[in-house]
Amino acid sequence: MRVLVTGGAGYIGSHLVDALIKRGDEVLVIDNLSTGRIENVRHLLGHPAFHFINDSILNEPLLERFIPSMDLVFHLAAAVGVRNILHDPLAAINTNVRGTEVVLGLAFKYWKRLVLASSSEIYGKASHVPFREDDDRVLGSTGVARWSYSMSKAIDEHFAFAYAAKGLPISIVRYFNSYGPRLDERGYGSVVANFIRQALRGDPITVHGDGKQTRCFTYIEDTVAGTLLAGEAKEAVGEVFNIGSTSETSILGLAETIKRLARSKSPVRFDPYEAYYGEGFEDTRRRVPSADKAKRRLGFTPRVDLEAGLKKTIVWCREHFAR
Ligand code: UDP
């Protein structure tokens, strides 16, 4: 198959590209290296089945040159990471809304199957877990920039459902806190990257708030497996799926586990949210996916437990993070 991966030089995108190349597909990546990095795909440069274009998904004429010849599109290019969004909400909204409008519009025009990468951030601060795909979303005020990410992804999903209603074969995956090798060292989108960096340097491991907020950390192999299934399974068409582990971990628990696995002497320090995100930040207290639908329709079950995944991630970070 000929496959386009937007955002294919990103953390998740590049692993997806590896899996596609491994199964024998020909892959085109379009990525403007905003948060993606060429290092993530450097090993593929020169591979006969791999093509890379360093450009934005907002470049519609460029996309229109390539989408007609594709069999499948994975749309992962987006502004990601809560801190990234807070840093430049305008750019984030533009990329996530306008960019998806362009990619989905062309998939519709040339009638291409597409998988849209969305986020567990969609559920906002809903307090009723686990989150089922058809649950209500609970968001804070528009004065709180964090929620613009959830909103932009929700608009993307609405676009996708609107095209699906016209018959276009589209599927949506909502990622839950993916982690693994190639996480951005700056910790933009990931507490795991932050904690590992701090643990390896011997710096304090900075737990925000009381550390009792929870996430379901999902190893990259599982994230990619779920994404591939969403692009293959007949039952995936027109549907949205949670792609995540159901094992709930507190942030303090994560800090302690990383400290132990990295054999670090770092102290664990409790920091107020404001110190990191600025005033008026709102966090999601618990985030747990319902895994039923992905299991039933895609046959997807996450396989890698947290300690096994963290060990592999720490090995990679030891080699690649600046010390
Ligand atoms: N977090 C933390 N210390 C850090 C970075 C993040 O305690 O150095 C917390 C953050 O406040 C949130 C959780 O870890 O409660 C997950 O944050 P992340 O940015 O990884 O992703 P989110 O799930 O919020 O999108």
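Conventions adopted
Residues numbered from 1 in each chain as written. Predicted model: local features only at pLDDT ≥ 70, side-chain atom pairs only at ≥ 80, totals over all residues. Heavy atoms only, no water. Near = heavy atom within 4 Å. Polar contact = N/O pair within 3.5 Å; in protein donor to acceptor, adjacent residues only side chain to side chain. Areas by Shrake-Rupley, 256 points an atom, 1.4 Å probe, with all protein chains shown as cover. Helix = DSSP H or I, 4+ residues; strand = E, 2+ residues; numbered from the N terminus. Nonpolar A, V, L, I, M, F, W, Y, C, P; charged D, E, K, R; others polar. Contact = heavy atoms within 4.5 Å. pLDDT = per-residue confidence, 0-100. Salt bridge = Lys/Arg side-chain N within 4 Å of Asp/Glu carboxyl O. Buried < 20%, exposed > 50% of the residue type's maximum accessible area, 1.4 Å probe, protein only. Pairing = 2+ DSSP bridges. Phe/Tyr/Trp six-rings, centres within 6.5 Å; stacked < 30°, edge-to-face > 60°. Axes fitted to C-alpha atoms, helices over the stretch in contact; angles between N-to-C directions. Parallel < 35°, antiparallel > 145°, perpendicular 65-115°, else oblique. Expected span 1.5 Å × (residues − 1). Arc of directions from axis to C-beta.

**Description of the site of the ligand**
Around the ligand, a shell composed of 19 residues is seen, among which Val191, Thr206, Arg215, Asp283 and Arg287 lie nearest. For the ligand, an oxygen atom lies 2.9 Å from a polar atom in the side chain of Asn177. In the complex, 95% of the free accessible area of the ligand, which totals 520 Å², lies under the protein chains. Among the secondary structure elements, those contributing two or more residues to the shell around the ligand are α6 (191-201), β8 (205-208) and α9 (273-277). Across the shell around the ligand, the residue classes break down as seven nonpolar, seven polar and five charged.

**Here's the deal with the environment of Ala107**
Assignment of secondary structure puts Ala107 in helix α4 (residues 89-109). Remark: the alpha-carbon pair of Ala107 and Ala145, spanning 38 residues in sequence, is separated by 30 Å. Not counting chain neighbours up to four residues away, the residues in contact with Ala107 comprise Ile67, Lys112, Leu114 and Leu168.

**With respect to the environment of Ile12**
Topologically, Ile12 is positioned in helix α1 (residues 11-22). Each C-alpha atom, one on Ile12 and one on Leu63, is 21 Å from the other, the two residues being 51 residues apart in sequence. In contact with Ile12, other than residues within four places in its own chain, are Leu76, Tyr175, Ser178, Ile220, Thr223 and Val224.

**Topic: the confidence of the model for the chain**
For the chain, the average pLDDT comes to 96, and 100% of its residues sit at 70 or higher. The lowest-confidence element of the chain is helix α3 (residues 82-87), averaging 84 in pLDDT; the highest-confidence one is strand β1 (residues 2-6), averaging 99.

**Observations regarding the pattern of salt bridges**
In total, this model carries 24 salt bridges according to the counting rule given. When the shortest N-O distance is used, the salt bridge between Arg174 and Glu157 registers 2.6 Å. Of the two residues, Arg174 sits in strand β6 (residues 170-175) while Glu157 sits in helix α5 (residues 146-165), which places them 17 residues apart along the sequence. Residue Arg174 shares its accessibility class with Glu157, and that shared class is buried. Through salt bridges that share partners, Glu121, Arg146, Arg215, Asp283 and Arg287 make up one connected network.

**Details of the pairing of strand β2 (residues 26-30)**
With four of five residues buried, β2 is to be regarded as a mostly interior element. Here β1 runs beside β2; their pairing, made up of five bridges, is parallel. Paired with Thr6 across the strands is Ile30, a residue of β2. The pairing of β2 with strand β3 (residues 50-53) spans four bridges and is parallel. Along β3, the bridge assignment pairs Val29 with Phe52.

**Here's the deal with the packing of aromatic side chains**
Applying the stated criterion across every chain, the model contains ten aromatic pairs. Relative to Tyr163, the ring of Phe108 lies with its centre 4.8 Å away and its plane at 40 degrees, an arrangement referred to as tilted. Taken as a pair, Phe108 in helix α4 and Tyr163 in helix α5 lie far apart in primary sequence, 55 residues in all. Exposure remark for Tyr163: the relative accessible area of 16% places this residue in the buried category. Here the aromatic rings of Trp316 and Phe321 are separated by 6.0 Å at their centres, their planes lie at 85 degrees, and the arrangement is edge-to-face.

**As for the packing of α4 against α5**
Running from N to C, α4 and α5 cross one another at 10 degrees; their axes reach a closest spacing of 9 Å. Taken as axis vectors, α4 and α5 run roughly parallel relative to one another. In contact with Ile93, Asn96, Val97, Thr100, Glu101, Leu104, Gly105 and Phe108 of α4, α5 contributes Ser148, Tyr149, Ser152, Ile155, Asp156, Phe159, Ala160 and Tyr163. Per-class residue counts for the contact of α4 with α5 are nine nonpolar, five polar and two charged.

**Focus on helix α8 (residues 251-261)**
Buried within α8 are the following residues: Ile251, Gly253, Leu254, Ala255, Thr257, Ile258 and Leu261. One or two steps after α8, the chain reaches Arg263, where phi turns positive at roughly 50 degrees.

**Examining helix α11 (residues 306-320)**
Between its first and last C-alpha, α11 extends 21 Å over 15 residues, near the 21 Å set by a 1.5 Å rise per residue. Within α11, burial applies to Leu306, Gly309, Leu310, Thr313, Ile314, Trp316 and Cys317. The arc that holds the buried residues of α11, viewed along the axis, is 165 degrees, so those residues lie on one side. With respect to the buried face of α11, the exposed residues turned more than 90 degrees away are Val315 and Glu319. Looking at the packing, one finds that the buried side of α11 touches β7 (178-179), α6, β10 (218-219), β12 (249-250) and α8.

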